[in-house]
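Residue-level listing of the chains:
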Amino acid sequence: MLPAGSADNRALLLTTRALAIAAAYCLLHALLDLLWARALARRRALSNSDRISLAEKVASSLNALFIAAAAFHNAFVLDLFSPAAVPIANVHSPCSSPMISLLSIYPFSPLQVPAGSLRSFFHYDWVLPAYVGYSIYDCITMYFQGDNHWSMWVHHLVGIYGAIGNMKVQKLAVLSNFAMLTEVTAFCVNILWYVETLTPNRQRLPPPEPSITSTLGDTKSNDEGNDSETSPPVSPNPAAASSTTTQQTKKSGKNRKKPAKPAPTPLLLALQTLRTVSFLVFRVTAVPYSLYVVSRTGSLVDMFAAVWRGCTTRECARGWSVDRVLLISALVVQILFGLLNFVWTYVAVKVLAREVRTYLRIRGRKAGVDAGSKAKED
């Protein structure tokens, strides 16, 4: 444990943890690429971006498992943000109130779990550096991929800013905790990406322009009129396919054809439905539910007023400070995060509806062909 008041030591410790976790993810990525992803990408003639994603999705799933488990444990197992959990001693302080005490809760699980338990890593001084470390690693992979939508950059950079601010002020965990719970949706996005990318008869065409649908796990942007029956033939030779891809990539952006995904199958539709449901359950509700949790202790007006004053009462407010700026900006970031979740969910619903229409159209077309063949035979 660090000595009380050793803010500099704590800052150094948290920075070291974040950088060490980022380095660990980079090392894991390198090992996965050497032992698995490189050979698989060569066999399937995948693009460089897809090859990077093969290993990155493993790291993404590990991060999602830890972050979502910690958020769930702090919110629903320990129930740290219930009105009953608000520290009574702080409530009676002249510079505090029930709302301010709630906003000042900073999950410190070792107080509630046995010493040495693995759950002690759910302390926010582990969870937040882990999130920052993973986000740094993911930004590195995104830089080398070069085809990620700007919304994913905003998501990571704002997340890093929010986590660092959260560690600095040690407040507003009641909001950030439910934002981190949305990491569970990464499992659905990653599984969908693997199935679409590793489909054996997948089209070998130039990579698409950065799009919000690729951010959600769709490997390619697909027009409603495109399906496997109207797509150009695919070379059975991966080397020839790769050569064709290189030649097509050199063409101007206007003449370059949009890459096509594998034709929708029941499995892909099921995975896209799972992704959409996970977004509706976790991403759409994240910010509203966190505000509901806050409202159990006081009104949302009280919350906004407390944050504006720097999580103190009007009598104790002492002008502007770094912590006050961080608190206000963190609340703004939380609201913007909620809006981004709504946009991503809307896109997921739209993609699912499009894929269902394409699947039904292909089935109808095949049924018509079969009926015509049968009629000719008769």
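It should be emphasised that the depicted structure is a prediction, and the values quoted were computed from it without experimental measurement. (Residues numbered from 1 in each chain as written. Predicted model: local features only at pLDDT ≥ 70, side-chain atom pairs only at ≥ 80, totals over all residues. Heavy atoms only, no water.)

1. Quick notes on the nonpolar core
- Core analysis: the biggest nonpolar cluster contains 49 residues, and Phe-81, Leu-103 and Val-174 have the highest contact counts within it.
- Filtering out sequence-adjacent residues up to four positions away, Leu-103 remains in contact with Lys-171, Leu-172, Ala-173, Val-174, Met-303, Ala-306, Val-307 and Cys-311. (Core = buried A, V, L, I, M, F, W, Y, C linked by side-chain atoms within 4.5 Å. Buried < 20%, exposed > 50% of the residue type's maximum accessible area, 1.4 Å probe, protein only. Contact = heavy atoms within 4.5 Å.)

2. With respect to the pattern of salt bridges
- Per the stated rule, a full pass over the model turns up five salt bridges.
- The closest approach of N and O atoms between Arg-38 and Asp-33, which form a salt bridge, is 3.2 Å.
- One salt bridge in this structure joins Glu-355 and Arg-354, with 3.2 Å as the shortest N-O distance.
- Using a relative accessible area of 14% as the deciding quantity, one classes Arg-354 as buried.
- Connected through shared salt-bridge partners, Asp-33, Arg-38 and Arg-51 make up one network. (Salt bridge = Lys/Arg side-chain N within 4 Å of Asp/Glu carboxyl O.)

3. Some remarks on the packing of helix α5 (residues 124-145) against helix α6 (residues 150-169)
- Two numbers describe how α5 lies on α6: the axes approach to 9 Å, and their chain directions differ by 155 degrees. By the criterion of interaxial angle, the relationship of α5 to α6 is roughly antiparallel. Like other packed secondary-structure pairs, α5 and α6 cross with a definite hand, here left-handed. Residue-level contacts link Tyr-124, Leu-128, Pro-129, Tyr-131, Val-132, Tyr-134, Ser-135, Ile-136, Asp-138, Cys-139, Met-142 and Tyr-143 of α5 to Met-152, Trp-153, His-155, His-156, Leu-157, Gly-159, Ile-160, Ala-163, Ile-164, Asn-166 and Met-167 of α6.
- Split by residue class, the contact of α5 with α6 holds 17 nonpolar, five polar and one charged. (Axes fitted to C-alpha atoms, helices over the stretch in contact; angles between N-to-C directions. Helix = DSSP H or I, 4+ residues; strand = E, 2+ residues; numbered from the N terminus. Parallel < 35°, antiparallel > 145°, perpendicular 65-115°, else oblique. Left-handed = near helix turned anticlockwise from the far one by under 90°. Nonpolar A, V, L, I, M, F, W, Y, C, P; charged D, E, K, R; others polar.)

4. A word on the packing of aromatic side chains
- Applying the stated rule across the entire model yields 16 aromatic pairs.
- Consider the rings of Tyr-106 and Tyr-124, whose centres lie 5.5 Å apart with planes at 85 degrees: the pair is edge-to-face. Linking Tyr-106 in the loop between α4 (98-103) and α5 with Tyr-124 in helix α5, this pair joins segments that are 18 residues apart in sequence.
- A residue is classified by how much of its surface remains accessible, and Tyr-106, at 12% relative accessible area, is buried.
- For Tyr-124, a relative accessible area of 0% corresponds to the buried category.
- When the centroid spacing of 5.9 Å and the interplanar angle of 50 degrees are considered together, the rings of Tyr-134 and Tyr-137 count as tilted. Taken as a pair, Tyr-134 and Tyr-137 lie in helix α5 at a separation of three residues, close to a single helical turn.
- Among the residues examined, Tyr-137 registers a relative accessible area of 1% and is labelled buried.
- A cation sits over an aromatic face here: Arg-17 above Trp-126, 3.9 Å from the ring centre.
- Stacked on the ring of Phe-279, the Lys or Arg Arg-283 has its end atom at 5.4 Å from the ring centre. (Phe/Tyr/Trp six-rings, centres within 6.5 Å; stacked < 30°, edge-to-face > 60°. Lys NZ or Arg CZ within 6 Å of the ring centre and 35° of its normal.)

5. As for the side chain of His-155
- Its place among the elements puts His-155 in helix α6.
- Taking the relative accessible area as the measure of exposure, His-155 reaches 9% and is therefore buried.

6. Quick notes on helix α1 (residues 7-43)
- The terminal C-alpha atoms of α1, which comprises 37 residues, lie 52 Å apart, in line with the 54 Å expected from a rise of 1.5 Å per residue.
- Along its length, α1 shows its largest kink, about 55 degrees, at Asp-33. (Expected span 1.5 Å × (residues − 1). Bend = angle between axes of the 7 residues up to and from the residue.)

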